[in-house]
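This is what each chain is made of:
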Amino acid sequence: MTTPLAPLVLGIETSCDETGAGLVRGHELLADSVASSVAEHARFGGVVPEVASRAHLEAMVPAVDRALATAGVTLADVDAIAVTAGPGLTGALLVGVSAAKAYALALGKPLYAVNHLAAHIAVDQLEHGALPEPAIALLVSGGHSSLLLARDIAGDVQPLGATIDDAAGEAYDKVARVLGLPFPGGPPIDQEARGGDPAAIAFPRAKYRDQTLDFSFSGLKTAVARWVEDRRAAGASVPVADVAASFQEAVADVLTRKAVQACRANGVDHLVIGGGVAANSRLRALAAERCEAAGIRLRVPRPGLCTDNGAMVAALGAELVARDAKPSLLDVGADSALPVTSVLV
Amino acid sequence: MLLLAFDTATPAVTVALHDGAHVLAETTTVDARRHGELLASSIDAVLTEAGAGRLDITAVAAGTGPGPYTGLRVGLVTARVLGSALGVPVYGVSTLDVIAADAAAAAGGREFIVATDARRREVYWARYDATGRRLDGPAVGIPADVAETIAARQDAPGSQGAPGGPGILAAGTGALLYPGVLGQPIEPSYPAAGTLARLAARQFAAGAPGTGAEPIYLRRPDARVPGPPKRVTVP
């Protein structure tokens, strides 16, 4: 006798500039197809919502078809559809939500409209198995920098702290611009930093010693710009590698310090890191070091699953299906400011 | 045949089912801010009303705009996904042509335009002859400029316009939004999915291949390439 297969869940993600379609069974990742419009945004130095939305419309069906082909399944095999309902860019979200509803209608299968941030946590189950509960999650991307307490990934996620101004990824983009590096700023700064001295320049760590679990990256970004401008004004060359390494150290230092603080304050010994900035090599290394010292078990998905993708949405959808959660209604909307406490809409 | 038609390029979300001869069910809700919420449930509602199932659908038609982008895309991505998932052809028809097909009767044998809200104090417009055949457009422009353009063309020799007559007849909400600028309003204000279905059913019955659901945007995305980063220190 063979074990019955877990339900096959199609996940759709369009909250920002990535059109993602993923296929997941239980904790098993079958396909993860992502079409990014990032190249179209590069010359604007940031994501242009209308450019992203137009790209989603064109990429949606092909992305799903590619995922199906990779997994070797057909739409008829799909048991449920999950989609990011928010938070994110309204126009971009609506393309994915509308597509997901149309798949649900055409296939006669249930729809699960889910939270993007909770999906960033759930995706780790595809790599490291069932998530220990409770767990602390650090989510860092171009749009978010949050610390969350996940008592139950399918239903009880509480915010502990968040950035009060720029997201960490946003600071990376702005610093990259000051240094003449391309958008998005994360990868080129990470690359430059490898050849630089992280202790070369003492950039500020905002809210470092306060008792909150909030972040602030706006002052850091300005401090880097000021340092670079002063240097240029003095007619000196800018040591790009040292600036990148020192900036990156300041970001990773604050993020990991507060993440450990969040674990301690809540008596939780598991930390999950997700979001695009979780692909950063220094953040990963420093988090590993500090978690080990603090006796915290660290779980970070591989970089490809940290950035926005459809598999993470399917992973959360699969968890909801497994727990017999009530599907969303067909009149569910997109919510650009969906609170993380709403895991399923 | 069972053709599912819908349009989301104006404040109206309109959905209809057509069997090749008649409209079996039709529903229209005017709410500019809820296209994403309304479309799928409206589709579900017309299927239920007609006693049809999702697998009975043999073709899909969608209004391709022009219209405010976010709402427009709700309809177009829905049409593309339904076409792909059900394995049926998708027909795209300009939203202005759908309005024109119903406006011809109200125009009483005269030329007319269809003008809809393009926001930013502009309208999407197209010009039609008395039978509803498109002569100009679709285009986007400032209402006063559009009126000037139309007046010049209507008065052109060989045109059916009536120089010295009561001026331009305009279907769509454009003439209502800009009273006294875009001419005399005529019905309808919004597209009817039943009419869209009728236009597309003709194509489908004639064996025409699906045209896909291509958006008519008419404007480029609003984005400016930034200059060098702003200084944070005083030079």
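These numbers come from a predicted model, not from an experiment. (Residues numbered from 1 in each chain as written. Chains lettered and ligands numbered in written order. Predicted model: local features only at pLDDT ≥ 70, side-chain atom pairs only at ≥ 80, totals over all residues. Heavy atoms only, no water.)

1. Structural notes on the sheet that holds strand 7 (residues 123–128) of chain B
Residue and element names in this part refer to chain B. If you walk across this open sheet you meet the 5 strands as 8-7-6-9-10, and the pairing is mixed. Unpaired on one side and paired on the other, strand 8 (134–141) and strand 10 (184–185) mark the two borders of the sheet. Packed onto the sheet, helix 3 (residues 95–106) meets strand 6 (112–117), strand 7, strand 8 and strand 9 (169–171) and runs at close to 135 degrees relative to strand 6. (Pairing = 2+ DSSP bridges. Helix = DSSP H or I, 4+ residues; strand = E, 2+ residues; numbered from the N terminus. Contact = heavy atoms within 4.5 Å. Axes fitted to C-alpha atoms, helices over the stretch in contact; angles between N-to-C directions.)

2. Side note on the side chain of B:Glu122
Residues and elements named next belong to chain B. In this fold, Glu-122 is placed in the loop between strand 6 and strand 7. Reaching out from Glu-122, the side chain makes a polar contact with the side chain of Arg-219 at a distance of 2.9 Å. The residues touching Glu-122, leaving out its near neighbours within four places in the chain, are Thr-116, Asp-117, Val-140, Gly-141, Ile-142, Pro-143, Tyr-178 and Arg-219. (Polar contact = N/O pair within 3.5 Å; in protein donor to acceptor, adjacent residues only side chain to side chain.)

3. A short note on the interface of chain B and chain A
With 38 residues of chain B at the interface, the matching set in chain A holds 36 residues. Regarding the contact of chain B and chain A, the summed buried area is about 3,200 Å², with carbon and sulfur atoms giving 67% of it. Contact with chain A buries area across many residues of chain B, yet B:Arg73, B:Val81 and B:Val232 alone supply 18% of it, more than any other trio. Two residues, B:Arg231 and A:Glu229, come together in a salt bridge whose shortest N-O distance is 3.8 Å. (Buried area = accessible area lost by both parts, 1.4 Å probe. Salt bridge = Lys/Arg side-chain N within 4 Å of Asp/Glu carboxyl O.)

4. Considerations on helix 3 of chain B
Residues and elements named next belong to chain B. For helix 3, which comprises 12 residues, the first-to-last C-alpha distance of 18 Å matches the rise-based estimate of 16 Å (1.5 Å per residue) to within 8%. Within helix 3, the full set of buried residues consists of Thr-95, Leu-96, Asp-97, Val-98, Ile-99, Ala-100, Ala-103 and Ala-104. Looking at where helix 3 begins, the residue whose side-chain oxygen comes 3.2 Å from the main-chain nitrogen of Leu-96 is Ser-94. Once helix 3 finishes, Gly-108 follows within two positions and takes phi at roughly 55 degrees, a positive value. (Expected span 1.5 Å × (residues − 1). Buried < 20%, exposed > 50% of the residue type's maximum accessible area, 1.4 Å probe, protein only.)

5. Some points on the domain arrangement of chain A
Frequently, the measure chosen for interface size is the accessible area that the parts lose on association. Residues and elements named next belong to chain A. Under the domain assignment used here, chain A contains domain 1 (8–123 + 309–322) and domain 2 (135–302). The interface of domain 1 with domain 2 comprises 18 residues on the first partner and 14 residues on the second. When domain 1 packs against domain 2, close to 1,300 Å² is buried across both sides, 83% of that on carbon and sulfur atoms. Broken down residue by residue, the surface that domain 1 buries against domain 2 is led by Leu-117, His-120 and Ile-121, which jointly contribute 43%. Our enumeration of links across domain 1 and domain 2 arrives at 0 salt bridges. Applying the counting criterion to the domain 1 and domain 2 interface returns 0 residue pairs in polar contact (both at pLDDT 80 or more). Elements with a contribution of two residues or more to the side of domain 1 that touches domain 2: helix 1 (38–42), helix 4 (116–122) and helix 12 (310–322). With 6 residues, helix 4 is the largest single contributor of residues to the side of domain 1 that touches domain 2. Class assignment for the residues of the side of domain 1 that touches domain 2 results in 12 nonpolar, 5 polar and 1 charged. (Domains from an automatic or database assignment. Nonpolar A, V, L, I, M, F, W, Y, C, P; charged D, E, K, R; others polar.)

6. Things to note about the pairing of strand 1 (residues 3–7) of chain B
Residues and elements named next belong to chain B. Burial analysis of strand 1 places 5 of its 5 residues in the buried class, which makes it a mostly covered element. Here strand 1 shows a buried face lined by Leu-3, Ala-5 and Asp-7 and a second buried face lined by Leu-4 and Phe-6. As paired strands, strand 1 and strand 4 (residues 59–63) are joined by 4 bridges and run parallel to one another. Opposite Leu-3, over in strand 4, you have Ala-59 as the bridge partner.

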